[in-house]
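Listed below are the residues making up each chain.
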Amino acid sequence: MAEKEAIRVIDEKCTGCTLCVKFCPFGAISMSGKKAVIDLAKCTLCGACVESCKFDAIVIREKEEKPAKAALSSYKDVWVFCEQKKSGVQSVAFELLSKGRELADKLGVDLCCVLLGDSMEEACGDLIARGADKVYLVDSPKLKAYQDDPYTRVLTKLIAKHKPEIVLCGATTIGRSLISRVAVALETGLTADCTGLDIDPEEKILLQTRPAFGGNIMATIISPDHRPQMATVRHKVMKEAVPDPGRKGRVIKEEFPEDVYMSRSKLIDIVEELEETVNLAEADIIVSGGRGVGSKENFGIIRELALSLNAAVGASRSAVDADWIPYSHQVGQTGKTVCPKVYIACGISGQIQHLIGMKSSDVIVAINKDPEAPIFSVATYGIIDDLFKVLPILTEKFNQTLS
Amino acid sequence: MKIIVLIKQVPDTTDVKIAPETNTLIRDGVESIINPFDMYAIEEALRVRETLGEGEVIVVSMGPPQAEEALREAISMGCDSAILLSDRKFAGSDTWATSYTLSQAIKKVGDHRVIFCGKQASDGDTAQVGPGISMHLDIPQVTYVKKIEKIDGKSATVERMTEEGYDIVETPLPAIFTVVKEINEPRLPSLKGKMKAKKAEIPVWTAEELTCDENKIGLDGSPTRVVKIFTPPPREGGQLLKGEPAETAGELAGILKGLIIG
Ligand SMILES: Cc1cc2nc3c(=O)[nH]c(=O)nc-3n(C[C@H](O)[C@H](O)[C@H](O)COP(=O)(O)OP(=O)(O)OC[C@H]3O[C@@H](n4cnc5c(N)ncnc54)[C@H](O)[C@@H]3O)c2cc1C
Ligand SMILES: Nc1ncnc2c1ncn2[C@@H]1O[C@H](COP(=O)(O)O)[C@@H](O)[C@H]1O
């Protein structure tokens, strides 16, 4: 029975040194009768204890059925699923192309795009210019806008046919809804919302790094025995691939019987409702307001600064709860996760639930009159002052020089 | 007719901190809560039961024995009954194995018309379990649901939140919905609910009872493996800009212009 446990302590080898207790990030190990005991309810099998043990007394069980290496090596190439909306390829795809190119070069394989949509042929050239060796294009009026069923079927069939070793997709609402289903259909591993990707130089497998616990810890995850290795990647973390018009590549058109495009649910309408013209997730600069802004009318001061910078407007939950601005602008644990180049927090205290949503921004600016506000602990630049005094001057300066 | 809600017990993330010396999570005194998004799932299930005037709301969680607390809390809010999926064999489950195991439980419950999940769990933030279940059960899904416009026993029209606004989607039932915060305001437990929760018998289902394929649960059923856990590098020490508003704003404008243009 003990051998069947996912992780176990070999009592004969355990010296009771307690090193593993200290190393377990999840507090899952305790000592009982001078031997380490692992609480499986808390254990995540991260392996920190296995590494820490000097006596090889902790083992994680190997999986029982391992696929033959040959079966895995029949999978080749790195794929990028290119999300499109209203026939425009979304910028997250360009970010995946630069990362995908790097991974494909390390593996010595092709970088391929998958593009699903209606009359999308013109977009293929740009994808090739940005690094794709091949573009698999599936063109049908039925694929014009994203729908779960047809997109899942088409992508699953394409992967089963061409056998890529890696499939990347943006961690957007569409990406996350689609890829999770495809991974289940293909019985393969999927890592959500990665912020780092690399190739293990020896094993040639994909190392997928992502934040967990709201960014308090980072985890590196692999799918050693399954192909393809699939990951969704957070928007705005990787740089966009720059087009090189001289690049050459091939467009491969794929067609499927009509029933593949069938959808059980029906998309009735697509409604765009963002107040501001700039999409929060796409924005390079975000100006956010919190309870310190004081009222709905006062939010105008945030909007004006945003306008002067061509930035999007964000908000803390307190501002949303007070009805000063719609929920679609909320940043944080129960709102959106954003990663702009510059995030300007005005009158936001910086509680952990807010920080979770914005702390990976490149540069964070905090304007708050309370010197003790936690937002200053993550801020690259801080101003301890009244936002009503600072913001108008800032806005004026930008209006002058950026126009 | 059954309305099923899937909830996960998670550590209250506000309290998760890293001890700088040992580089580990400080877990002492960390409370467990129902994943915040799952509270909205519970509330919406109760509302659907009210709208339809029929149906039984069953909450299901897979986790260690102490996840029972979360299930009792759900009952105190008004859910009819609860089931805990707990077995050492489930240890090490990733989202593939979790969605398989939950699907087996849903099949065993039977007669499911609507299934609710949270948008994502706050400990893992994967948002993969709901869509995974829709595949295992072969039913339609709508993710990021922010409003149920219309629902009867056969179909539902819902709003799915997108980056730009929302889509209006009509789906036949049974279907699975993952919900976002905007959908409702969860109710507080009632006194009657609390009494009921205290007395409720919560069955524990194991791998055997779920007739799980042992190769699809726990470690064996999980394609992914965590190989390393580490603390993100701390943000570089910030810089305070000092002086009168005119000075600080001027300095900041200069810095930002450099960043934006350069
Ligand atoms: C489960 C859960 C989920 C949550 N999810 C989120 C989430 O997604 N996003 C989120 O933001 N919050 C979230 N919260 C709420 C979060 O804990 C905080 O309550 C919230 O972020 C506080 O918003 P705030 O900083 O605007 O308000 P406060 O904390 O009230 O801070 C206002 C700040 O403004 C400053 N101020 C006041 N007047 C001025 C002035 N004139 N000039 C300059 N500064 C001024 C004050 O010094 C203060 O620091 C969540 C909470 C829970 C329990
Ligand atoms: N162990 C679990 N037990 C019950 N429901 C779960 C479990 N894990 C995830 N879920 C459900 O799936 C949703 C998404 O979780 P995740 O994919 O882990 O982010 C959660 O909001 C829950 O509704």
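The shown structure was predicted, so the numbers you read here are calculated from the model rather than taken from an experiment.

Rules and cut-offs
- Residues numbered from 1 in each chain as written.
- Chains lettered and ligands numbered in written order.
- Predicted model: local features only at pLDDT ≥ 70, side-chain atom pairs only at ≥ 80, totals over all residues.
- Heavy atoms only, no water.
- Pairing = 2+ DSSP bridges.
- Helix = DSSP H or I, 4+ residues; strand = E, 2+ residues; numbered from the N terminus.
- Axes fitted to C-alpha atoms, helices over the stretch in contact; angles between N-to-C directions.
- Contact = heavy atoms within 4.5 Å.
- Near = heavy atom within 4 Å.
- Areas by Shrake-Rupley, 256 points an atom, 1.4 Å probe, with all protein chains shown as cover.
- Left-handed = near helix turned anticlockwise from the far one by under 90°.
- Nonpolar A, V, L, I, M, F, W, Y, C, P; charged D, E, K, R; others polar.
- Core = buried A, V, L, I, M, F, W, Y, C linked by side-chain atoms within 4.5 Å.
- Buried < 20%, exposed > 50% of the residue type's maximum accessible area, 1.4 Å probe, protein only.
- Expected span 1.5 Å × (residues − 1).

Novice: Help me out: how do you make sense of the sheet that holds strand β11 (residues 190-194) of chain A in this one?
Specialist: Two strands in a sheet stick together by hydrogen bonds in their backbones, pointing the same way (parallel) or opposite ways (antiparallel). Residue and element names in this part refer to chain A. With parallel pairing, the 7 strands of this open sheet are ordered in space as β11-β15-β10-β5-β8-β9-β16. Of all the strands in the sheet, the pair left with one neighbour each is β11 and β16 (250-253). Each adjacent strand pair in this sheet contributes to an overall mean axis angle of 20 degrees, direction not counted. As paired elements, strand β5 (residues 78-82) and strand β8 (residues 111-117) share 5 bridges and run parallel to each other. Bridging across to β8, C82 finds its partner in L115. With respect to the sheet, helix α4 (residues 91-107) is in contact with β5, β8, β10 (166-170) and β15 (229-233), its orientation differing from that of β5 by roughly 175 degrees.

Novice: Got a minute to help me understand the site of ligand 1 in this structure?
Specialist: Residues and elements named next belong to chain A. Every one of the 25 residues lining ligand 1 counts as a neighbour, but R291, S316, T334, S349 and Q353 are closest to it. Protein burial of ligand 1: of its 990 Å² of free accessible surface, 78% is covered by the chains. Elements with a contribution of two residues or more to the shell around ligand 1: α9 (317-321), α10 (352-358) and α11 (387-402).

Novice: I keep staring at the packing of helix α1 (residues 36-52) of chain B against helix α2 (residues 68-77) of chain B and nothing clicks. Help me out?
Specialist: Packed helices, taken two at a time, are described by their axes: the angle between them and the distance between them. Residues and elements named next belong to chain B. The interhelical angle for the contact between α1 and α2, taken along N-to-C directions, is 35 degrees, at an axis separation of 10 Å. For the element pair α1 and α2, the recorded crossing hand is right-handed. Every residue of α2 that contacts α1 at M39, I42 and L46 is listed here: E73, A74 and M77. Across the contact of α1 with α2, the residue classes break down as 5 nonpolar, no polar and 1 charged.

Novice: Which parts of the structure should I look at to understand the nonpolar core?
Specialist: Generally speaking, nonpolar side chains in soluble globular proteins are found buried as a group. In this structure, V5, I7, I42, F116 and F177 of chain B are the most contacted members of the largest nonpolar core, which totals 40 residues. At 8 residues, the largest contribution of residues to this core is made by α1 of chain B. Excluding its chain neighbours within four sequence positions, the residues that come into contact with I7 of chain B are I34, D38, I42, V59, V60, S61, M62, A70, L71 and A74 of chain B. Counting residues in each nonpolar core, the second largest holds 39 residues, with V293, I302 and I344 of chain A together with A249 of chain B among its members.

Novice: When you look at helix α6 (residues 148-162) of chain A in this model, what are you seeing that I'm missing?
Specialist: Side chains that are three or four residues apart share a direction in an α-helix, a result of its 3.6 residues per turn. All names here are of chain A. Its 15 residues place the ends of α6 21 Å apart at the C-alpha level, agreeing with the 21 Å of an ideal helix rising 1.5 Å per residue. The complete set of buried residues in α6 reads D148, D149, P150, Y151, T152, V154, L155, T156, L158 and I159. One or two residues past the end of α6 sits K163, with phi positive at roughly 50 degrees.

Novice: I'm lost on the sheet that holds strand β6 (residues 56-62) of chain B in this one. Help?
Specialist: Read from one edge of the open sheet, 10 strands run β17(A)-β11(B)-β10(B)-β9(B)-β12(B)-β8(B)-β1(B)-β6(B)-β7(B)-β13(B), paired in mixed fashion. With partners counted over all chains shown, the strands left at the sheet margins are β17 (266-272) of chain A together with β13 (204-205) of chain B, one partner each. When strand β1 (residues 2-6) of chain B meets strand β8 (residues 112-118) of chain B, the two strands line up parallel, connected through 4 bridges. By the bridge assignment, V5 of chain B is partnered in β8 of chain B with F116 of chain B. Contacts from α1 of chain B reach β1, β6, β8, β9 (141-151) and β12 (175-179) of chain B, with the element oriented near 155 degrees to β8 of chain B.

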